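Below are the chains, spelled out letter by letter.
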Amino acid sequence: MKIIQSPREMQEFALAARREGKRIGVVPTMGFLHAGHLSLIDAARKRADIVVVTVFVNPIQFGPQEDLEQYPRDFEHDRRACEAHGADVVFAPRPEDMYAPDRSTWVEETRLSQGLCGALRPGHFRGVTTVVAKLFLLTQAEVAVFGQKDAQQALVIRRMVRDLNFPVEVVVSPLVRDEDGVALSSRNSYLSADERERARVLSRTLRAAAPALRSAGLEALEAIREAMALEIGKCADRVDYVEILDADTLEKPTLDTREVLVLLAAYFGKTRLIDNTLVQVNWKEACSCAN
Ligand code: AMP
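A brief report on the enclosed structure follows. Quick caveat, the model's predicted, so the values are computed rather than measured.

This brings us to helix α3 (residues 75-84). Working note: α-helix, 3.6 residues per turn, so residues spaced by three or four point in the same direction. Within α3, burial applies to Asp78, Ala81 and Cys82. Seen end-on, α3 carries its buried residues on one side only, within an arc spanning 100°. Contacts made by the buried residues of α3 are with α2 (35-47), β3 (50-55) and β4 (89-91). Residue glycine 86 follows α3 closely and has a positive phi angle near 80°.

Okay, here's the thing in structure tokens:
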């Protein structure tokens, strides 16, 4: 397995591989890899000849008050995990090699990135789309794997790829949870035992909401949402949002909605966690049956 630090070397390697007809798959990460990340590497392995895992704590997606400095890092662990999962390249650039001091170009999605985490973390998604566009160009990937864990991010990336005609197939891989139901996240390492115990409320509430969403009608959504927020508020130190939205548009669901995305963000101590679930619904049919 090759370790590449220089962006120029990464691009030269990728262009040479492409000239040999190799299909490159990329898995963008911020490192401190866990089983969720590894499932993305496995998904990429199935779809590409060369799998590039990028390990880069991207400074431009962190707000000034956020945890850029404290973000957990363990390159040796990441290197071994990538090797064990059959990655071909780990691309781990230095921030100063990715961003010139006088850089003045951004890639920005302006619709799906506005609400939810976009509203609470101004500039976050602009930082994500900019770095992902750069990683696509540097790795020459034809397939890129992202996690459903960051559901809004996956939608924003898909939209960017469509709108800017990136020749990249975007694959979104299922959310991986720990045994206690908590969604795996590098940020879980910040949690105390008590915070971890309380954080279980997120997945518990999502699990309970799914049957209610399927059986209730569109008009019951707000009551379900409020009940979830109340439940989470009992365990979390702060609830950022509880939203039930159309899974394709991130707009308010309508009778035509076929799948809803239930999205949560809450603080446990100083740690902000997100979680979500997809629920198939068929309110239109339920509605016409009742009539
Ligand atoms: P991160 O290192 O947190 O920026 O995540 C890198 C990629 O891994 C993103 O596409 C995430 O959505 C994905 N990811 C993170 N946690 C999980 C998880 N628990 N299950 C599946 N994918 C995940």
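A few words now on the sheet that holds strand β1 (residues 2-4). The strand order across the open sheet formed by six strands is β1-β4-β3-β2-β5-β6, and the pairing between neighbours is parallel. The sheet is open, and its two borders are formed by β1 and β6 (169-173), each paired with just one other strand. Pairs of neighbouring strands in the sheet enclose a mean axial angle of 25°, with direction left out of account. Pairing of strand β5 (residues 143-147) with β6, which is carried by five bridges, proceeds in the parallel orientation. Paired with alanine 144 across the bridge in β6 is valine 170. Sheet strands touched by helix α1 (residues 7-19): β1, β2 (24-29), β3 and β4. Its angle to β1, the strand with the most contacts, is close to 135°.

Take the site of the ligand next. Contacts to the ligand come from 17 residues, most closely from His37, Gly147, Asp150, Val176 and Leu184. Interatomic distance of 2.9 Å between a backbone N/O atom of leucine 184 and a nitrogen atom of the ligand. If you tally residues by element for the shell around the ligand, the top one is α2, at three residues. Class assignment for the residues of the shell around the ligand results in nine nonpolar, six polar and two charged.

For β5, the tally of buried residues reaches five of five residues, placing the bulk of the element in the interior. Neither face of β5 is left uncovered, since the one carrying Val143, Val145 and Gly147 and the one carrying Ala144 and Phe146 both have all their residues buried. In the sheet, β2 pairs with β5 via two bridges, with the strands oriented parallel. By the bridge assignment for β5, glycine 25 is matched with valine 143. With helix α7 (residues 151-163) bridging β5 and its parallel neighbour β6, the resulting β-α-β unit is right-handed.

What counts as what
Residues numbered from 1 in each chain as written. Predicted model: local features only at pLDDT ≥ 70, side-chain atom pairs only at ≥ 80, totals over all residues. Heavy atoms only, no water. Buried < 20%, exposed > 50% of the residue type's maximum accessible area, 1.4 Å probe, protein only. Helix = DSSP H or I, 4+ residues; strand = E, 2+ residues; numbered from the N terminus. Arc of directions from axis to C-beta. Contact = heavy atoms within 4.5 Å. Pairing = 2+ DSSP bridges. Axes fitted to C-alpha atoms, helices over the stretch in contact; angles between N-to-C directions. Near = heavy atom within 4 Å. Polar contact = N/O pair within 3.5 Å; in protein donor to acceptor, adjacent residues only side chain to side chain. Nonpolar A, V, L, I, M, F, W, Y, C, P; charged D, E, K, R; others polar. Right-handed = clockwise from strand over helix to strand, strands pointing away.

Purely geometric numbers; function is a separate question.
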